[in-house]
Every structure is written in structure tokens, then in C-alpha cells.
Amino acid sequence: MENNLEFIKHGFELKNNKSYKQAIEMFYKALELENNNVEVLFQLGELYFMLHNFERAEHYFNQTLKFDSTHQEALKFLCKIYFISDKFEDAMNYARKLVEINSNSENIILLIDCASKLQDKKEIENLEKYQDLNVQKRIAKAYYDMRCPNEALKILENFKNDTEALIILGKIYFDRNEIEKAKEIFQMIKNCDDNSDVLNFLGLFAIEDGELIEAIKYFSKAITLDKSNPILHFNLANAYFYNGWNKEAVNSYLNAIKLAPDNMDLRFSLANLYYSIGEYTKCKNEVKYILETHENHYPARTLEGMLKFLDKDFLGAKNILETNVKSGFNDDFNKLALVKVYQEVGMLEKAESILQDIICQNPEIKDYKLELAKLYIKEKRYEDSLKLGQELISDCEEYINGYIVLAECEFNLKNFEASKEFASKAVLLDINCAKGYYWIAKYWIEKEDFDEAVECMKRAIMYDLNNPEYYAEMSNIFEKKNDIKTAFEYSKEAESLDDSEKYKELYKRLAGENRKILNNSLKNLSREKK
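For clarity, every value in this text was computed on a predicted model and none was experimentally measured. (Residues numbered from 1 in each chain as written. Predicted model: local features only at pLDDT ≥ 70, side-chain atom pairs only at ≥ 80, totals over all residues. Heavy atoms only, no water.)

Colleague: In this structure, what is going on with the overall build of the chain? I would like to understand it.
Modeller: Secondary structure summary: the chain contains 31 helices and zero strands in total. Taking 2.2 N^0.38 as the reference for a compact globule, 530 residues should give roughly 24 Å; the C-alpha atoms of the chain span a radius of gyration of 34 Å, well beyond that estimate. Across its three principal directions, the C-alpha atoms of the chain cover 120 × 60 × 45 Å. Burial analysis of the chain (530 residues in total) assigns 45% to the buried set. Relative to all contacts within the chain whose residues are 6 or more apart in sequence, the contacts with residues 24 or more apart total 45%. Counting every atom, the chain has about 28,800 Å² of accessible surface; 46% of that belongs to carbon and sulfur. (Helix = DSSP H or I, 4+ residues; strand = E, 2+ residues; numbered from the N terminus. Rg over C-alpha atoms; globule rule 2.2 N^0.38 Å. Buried < 20%, exposed > 50% of the residue type's maximum accessible area, 1.4 Å probe, protein only. Contact = heavy atoms within 4.5 Å. Areas by Shrake-Rupley, 256 points an atom, 1.4 Å probe, with all protein chains shown as cover.)

This is the structure in C-alpha cells:
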């Protein structure tokens, strides 16, 4: 027996030093001498639990209960093992046994957590009789997790300055889109910077206020507290994306996907980022993966349609997007994609109808009105477009795209001075505004000041390197200057970026002109030699 006590003592020492495998060996030796020792059996179960060998841990905890059916710690660990393994029914059975033996707050909370996972509202209602504050807060959280906010609110009325309760209350207001109330609550507890939930919501509010660097700081700190939470990585990725830090955004989306590989919405966000930054091959790969496993993931199908649009498969894009509508999926993302397709295939009335519908439902979103103004320009309804553009800058004097659409309208109406004035205002608001320089260049072309036009187009190209329209316009300027060689070089660049017919024709025509000039030069050179 003395040897047995030595083995047990040595086992505890090794366990305290975190030498779990060696500790198991000691307890095995003790078990060989006394195979019904409850403490040894329990210690083996706990050590295997620490090593995440839940199968062996379960075996030894059950052996513990064989000799002591009310061993609370063994029951707790079995409850945890089944909970971790998503076997919530089994976990709840053990939690009930624990509460029957000892109805302390810790045991009741285990039962609440199991009931919450099983959406067992009746079980939770039966536990409301326990007035312990921690129990009441956990019940409120359970109701929130089960999407029963009204029941949660009734309980939270009893808590005034409790951080955990305020977090749940803030979440409820946020979910109800009562953003100001939610902000007020999270501002009250913003000093709780050791709570990932608080930091996460402060980050979300910072994004809404346009404070993207602050948002990045909040989400980054939250992740240090809860590294395995995919939502935190997702929110950080969004903050990076909105701030233009695309590389960091990609990495954060990938981190979120690693933590929740079955969440196709996370993968869709990555695909959408790839699309927005022109990484179309990567976007196609992500969309393909999503649709192979979730064929009815409609946002991914919309993105598939947009990719077909880029490939100039307009009919294919139209079929996908219209199928989405027939299937009951027709959010603004799908509608705007359809608008682009309808414009390309000449179905302008349908495009306008969709835009009018979107604007009616979202009158505060300026970009939707902008799309309608652009459509009016395509239809040569310049007065309607002007009216809409004026409305946009009247609502927001710093809305750059409003000035751009006005510049285009005035130019088409041959009001060149007015066009230049609007374009100049856009550049004044954003010195990197490529489209502003483009319309100023168009003004100088009309004035036949081609040197000024070239300088403006250089800036347009510098701030938007992959826009074929700008290279084509630069080609036009040099052709007017009778510099066919330079005009040809710019047309070649335009055609390399976009092989559509209009750029191909420009390239072919100038290639022919360039050959003529070259041949004439060779003939002249030959004559001179003679």
C-alpha cells in the first residue's frame, strides 16, 4: 500500500508540473495495485481530458462513476466531453444529474448551456426559479442565443450596471437595428478592454463612423483575447478591405475560413474581395468551390453571373441572374448586377425599372441614384441625369461621383465650361480622382490645347492604370497631334486591357496608319541613298 501511495503522490507531482503522460504512467502503476481506487480512476480521466483524448477520458470517468455514482467532478467532465462533441442530449442528461445532486450555480449553468444548444426553452423556463445572479444572466444569454430577445429583456431589467448583462442588452439593440441605443450601452462599458465582445462591437461602430484604423485596432485586440473566433477575423478583414488594405484583408478572410471552413458566407466574402480588386481567376476558384458544395448559395451565383458578364457572356450572365430572381433571391446585389447586364444588351427600360425600385426602397443610398443618372446618360436623357446629379451634390457637397456625372452630362450637352467646372470640383475634393482629370482633358481637346489634354490624361492614367478608356483617349489626343506612332502605342495598351471590338478596331486602324508611315519613311530613305 505504501508503494501505491508513492505512485499516487508522484503522479500528482508530475501532473502539477504538466508532465501529463508521465503522470498517467504513475497512476497506471497505482491502479495495478488497487483497481477500484476512485481517485486514481478520476485522475486518469482528467489527465486524458487534458491531453484531448476524450475517448479514454470518458472511459475512466465512467469507471469512476461505477464505484461512486455521485462523483460530481466526473459527471462535470462527462458533461463537458459530450458538449464539446456536440452530443448535447447526453451532455444535458449528465447536467440534470449534477443539478439533482447539487443545485449550485455552476451545475445549473451547465444545464442552461445544454438546453440552449438544444433550443429547449421549456427546460430554461423551469430554471428561472433559481435567483442566483450568475444563473439569471446565463438564462438571459440563453434566451438571446435562442432568438428570444423579449424573454431576455425581462430578465435583464434586474441588472443595472453589470457588464455581462449590458453586453447582452447591447447585442439585442444592435440586432433590432436600434444602433444608437446599442452604441450608448457599449460606450458605457468601453473600458472593459479585456472582453472580446465589447471590443468587437466597438470595432463595428468605428466602421460605421468611418474610423477604420480604430476599428482595426479594436478587432485586432479582440482577436488576441479570442483567437479561435472566426467572426472577429471576418470583421477585421472587412475593416482592412474598407481601408484599402487588400493584402491584409485577404489574410484575415483566410484566417476566418480556416476556423469555420463550412461557412460559405466567409468564403463568399473572400471571393467578392477578389472580384473587387480584379483577381478574377481567384474569384472564379472560390465561386466554383462554393457552388460545388452549396449550389443554391445565391450570392455566389450572382458573382458567377458577374464573372460571365466580364467574360462578355451576357446571355449566360442574364440567365443566372434571372434564375436567382425566379428562385426568390433578388437582393440589391443581384438587382444591380442585372442592371449592368440589361444595359449591355440594350434592355434599358428594364434596367431603369429595377433602379427605380431599388431607390424607392433605399432613398438614402446615393450610389443607387448615381447608377440611374448614368443610365439616363446612356439613354441620352441628359436633363434627367443633370437633375439627379444636382440632387446628389445638394444632399452631399462632397459626393465626388455626383460632380463626375454632372461633368459628363454637361459635356454631352456641349456646355464645356460647365463640364470642366464640375470635373475640377471633383479633383479638388480628391486629387487622385482619375475621372475628374479625364473630363478636364476632354475639355482641353475641345479647346484644341492638346498639350494640356495630354498632361491631364497622364494624371488620369496614373491614378487608374487599368482603364482602357483612358489609353484610348490618350491615343485620340496624339492622333490629333499627328503623332501616329505614340497614338498607336496607347491604342495597343488599350487593346491589351480590353479586347472588345472598339479597342480592336482602334488598334488595327492605327497599326495600319503606323505601317504606312514606316513604309513611306523606308521609301524616302531608299530614294536618298540612290
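From this point, the narrative continues.
Colleague: What's the story with the packing of aromatic side chains in this structure? I'm lost.
Modeller: In total, this model carries 32 aromatic pairs according to the counting rule given. The interplanar angle of 50 degrees and the centroid separation of 5.3 Å between the aromatic rings of Phe49 and Phe54 together place this pair among those described as tilted. With a centroid separation of 5.0 Å and 10 degrees between ring planes, the pair formed by Phe61 and Phe77 is classed as stacked. Here Phe77 lies in helix α5 (residues 72–84) and Phe61 lies in helix α4 (residues 54–67), a separation of 16 residues in the sequence. An identical accessibility class is assigned to Phe61 and Phe77; each is buried. Three or more aromatic residues joined by ring pairs make a cluster, and in this case those are Phe42, Phe49, Phe54, Phe61 and Phe77. Over the ring of Tyr289 we find Arg267; its NZ or CZ atom is 4.2 Å from the centre of that ring. The side chain of Lys420 reaches across the aromatic face of Tyr443, ending 5.4 Å from its centre. (Phe/Tyr/Trp six-rings, centres within 6.5 Å; stacked < 30°, edge-to-face > 60°. Lys NZ or Arg CZ within 6 Å of the ring centre and 35° of its normal.)

Colleague: What should I look at first to understand the pattern of salt bridges in this one?
Modeller: Pairing between side chains of opposite charge can happen when the charged atoms of each approach one another. According to the stated counting rule, one finds 33 salt bridges in the structure shown. Of the charged contacts, one joins Lys183 and Glu208 as a salt bridge, the two residues approaching to 3.9 Å between their closest N and O atoms. Of this pair, Lys183 sits in helix α12 (residues 179–188) while Glu208 sits in helix α13 (residues 196–208), and the two are 25 residues apart along the sequence. Judged by its relative accessible area of 16%, Lys183 falls in the buried class. As a salt-bridge pair, Glu379 and Arg381 come within 3.1 Å of each other at their nearest N and O atoms. (Salt bridge = Lys/Arg side-chain N within 4 Å of Asp/Glu carboxyl O.)

Colleague: Any chance you could explain helix α25 (residues 400–412) here in plain terms?
Modeller: Each turn of an α-helix holds 3.6 residues, which means side chains three or four residues apart point in the same direction. Along its 13 residues, α25 runs 19 Å from first to last C-alpha, staying within 8% of the 18 Å computed at 1.5 Å per residue. Along its buried surface, α25 packs onto α23 (366–378), α24 (382–395), α26 (416–429) and α27 (434–446). Lys414 lies just past α25 and shows a positive phi near 65 degrees. (Expected span 1.5 Å × (residues − 1).)

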